[in-house]
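# Architecture at a glance
Listed here are the chains, written in short residue letters.
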Amino acid sequence: MPEINKYVLHNWEGLLYNGNLSEYLKARGQIVNHALETLLPPEQGPHKNLAAAMRYSVFAGGKRLRPVLVLASAEVAFGSADNDSVKAALNTACAFECIHTYSLIHDDLPALDDDDLRRGKPTCHKEYGEATAILAGDALLTLAFSLIAETKDVSPDKLLCIVAELSKKSGIGGMIGGQLVDIESEGCEITFPVLEHIHIHKTGALIVAAIRSGAIIGGASAETLAVLTTYGEALGLAFQITDDILDLICTDEELGKPSGSDLKFQKATYPALLGLSESKKVAADVTQKAIAALDVFGVEAAPLRDLATFVIERRN
Ligand code: GRG
């Protein structure tokens, strides 16, 4: 496994939260990006083109929300942010970004959304062809689990719990299952419970798994894990409702992909069912619920509180 520790130690100062979320996101994002740079396969040898496609999509952009949630949640469970908490959680944080990027690559394929633009750049299949894009997604999916398995200085028990968490919530019981219901609902009149089911599974499940995995690494008690799960479930829902809203109100440039695609494909969304202003209200209410769940924590949960507000105030 390549060496990633030096960078974390070097950036220790940037780990402390001073209430400036964009600085926090930047510092954590840089650590994650550096680790990904080291952990993704190099563009050489017989798989050069595949490695290039994986790297292309991972480094095309992205907010790194899921890896940052892993790190922020580990911080809460450890009680503070320091090199040890970040180092312990870094491989898992990168694993979540690999799974997330794989889902975006596959979602953009002609058989699914058939999108040309993602993260402001041509989609993986537009750049590398459909077969390579499928394989790049597959390779990111499997890489995620080896990153977790090869984590140093975290007990095998915890790593096993994280593998169970990630595989369950990114599979048929989570992201993939939600995606399937979403596809089957296109063009149909669906009820509110079905819509909520799609959002909770397609998007929310991976966000919940990221938060729970960080907490597991930090040795969270059952009570802490339950509180962070409540936070994660509300955050995941607020995230996807906001995504629905942004698809309606943002430009292509802001989103880094075509806006208005939900309407075009008659997708099941909150604004389609509830209207724009009611959807904004629901997103705000759910976010308050997420923040309220964190009342049992002190200052160590400040980044998670501010991340909840960020999720509904973002423009991409
Ligand atoms: C595995 C094909 C397949 C699908 C799984 C999650 C998913 C289902 C598909 C991804 C496409 C999608 C629109 C998902 C909804 C979640 C979402 C809003 C993703 C975008 O997440 P951001 O905003 O993206 O965090 P960045 O680029 O910032 O990382």
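Our subject is the structure listed above.
Quick look at the site of the ligand now. By nearness alone, 20 residues border the ligand, and Lys 63, Arg 66, His 100, Asp 107 and Arg 119 come closest of all. Here Arg 66 contributes a side-chain N or O atom positioned 2.8 Å from an oxygen atom of the ligand. The side chain of His 100 places a nitrogen or oxygen atom 2.8 Å from an oxygen atom of the ligand. Burial of the ligand by the protein chains amounts to 91% of its free accessible area of 710 Å². Here the ligand occupies the largest pocket.

Leftover empty space is mapped by rolling, across the atoms, a probe with the size of a water molecule. The space that makes up the largest pocket amounts to roughly 1,100 Å³. The wall of the largest pocket is formed by 44 residues, among which Leu 104, Asp 107, Arg 118, Asp 243 and Lys 257 lie closest to the centre. For the lining of the largest pocket, the secondary structure elements donating two or more residues are helix 4 (65–78), helix 5 (83–107), helix 9 (175–185), helix 10 (192–217), helix 11 (222–249), helix 12 (252–255) and helix 13 (261–264). Looking at the lining of the largest pocket element by element, the count peaks at seven residues for helix 5. Residues of the lining of the largest pocket, tallied by class, amount to 13 nonpolar, twelve polar and 19 charged. Volume-wise, the second largest pocket comes out at about 290 Å³. Lining the second largest pocket are 18 residues, with Gln 266, Lys 267, Ala 268, Thr 269 and Ala 272 sitting closest to its centre. Of all the secondary structure elements, the ones that give two or more residues to the lining of the second largest pocket are helix 11, helix 13 and helix 14 (270–274).

The tally for this structure, following the rule as stated, stands at three aromatic pairs. Ring geometry for Phe 192 and Tyr 270: centres 5.4 Å apart, planes at 75°, overall edge-to-face. You can see Phe 192 sitting in helix 10 and its partner Tyr 270 sitting in helix 14, a full 78 residues away along the chain. Assessed through its relative accessible area of 31%, Phe 192 is described here as partly exposed. Residue Tyr 270 is classed as buried on the basis of its relative accessible area, which comes to 1%.

Evaluation of the coordinates by the stated rule reveals one cavity of 30 Å³ or more. The volume enclosed by the largest cavity comes to roughly 90 Å³. Around the largest cavity, the lining comprises 13 residues; the ones closest to its centre are Ser 57, Ile 105, Asp 108, Arg 118 and Cys 124. Residue assignment for the lining of the largest cavity shows that the elements contributing at least two residues are helix 3 (48–58), helix 5 and strand 2 (121–122). In terms of residue class, the lining of the largest cavity is built from six nonpolar, three polar and four charged.

A few words on the side chain of Arg 64. With respect to the helices and strands, Arg 64 occurs in the loop between helix 3 and helix 4. Residue Arg 64 is classed as buried on the basis of its relative accessible area, which comes to 5%. Within the local environment of Arg 64, its side chain forms a polar contact with the backbone oxygen of Gly 61, the two atoms lying 3.1 Å apart. Residue contacts for Arg 64: discarding those within four places in its chain leaves Val 32, Asn 33, Leu 36, Val 58, Phe 59, Glu 97 and Arg 119.

This part takes up unusual backbone geometry. Glycine aside, residues mostly have negative phi, and peptide bonds are mostly found in the trans state. Positive phi outside glycine occurs at Arg 64, with the angle close to 60°. The backbone of Asp 114 shows a phi angle near 50°, a positive value even though the residue is not glycine. With respect to the helices and strands, Asp 114 occurs in the loop between helix 5 and strand 1 (117–118).

Cut-offs and rules
Residues numbered from 1 in each chain as written. Predicted model: local features only at pLDDT ≥ 70, side-chain atom pairs only at ≥ 80, totals over all residues. Heavy atoms only, no water. Near = heavy atom within 4 Å. Polar contact = N/O pair within 3.5 Å; in protein donor to acceptor, adjacent residues only side chain to side chain. Areas by Shrake-Rupley, 256 points an atom, 1.4 Å probe, with all protein chains shown as cover. 1 Å grid on protein atoms, 1.4 Å probe; cavity = no way out; pocket = protein on both sides within 12 Å on 5 of 7 lines; lining within 4 Å. Sits in = over half its atoms within 2 Å of the grid points. Points joined across faces, edges and corners; volume = space filled by probe spheres on them. Helix = DSSP H or I, 4+ residues; strand = E, 2+ residues; numbered from the N terminus. Nonpolar A, V, L, I, M, F, W, Y, C, P; charged D, E, K, R; others polar. Phe/Tyr/Trp six-rings, centres within 6.5 Å; stacked < 30°, edge-to-face > 60°. Buried < 20%, exposed > 50% of the residue type's maximum accessible area, 1.4 Å probe, protein only. Contact = heavy atoms within 4.5 Å.

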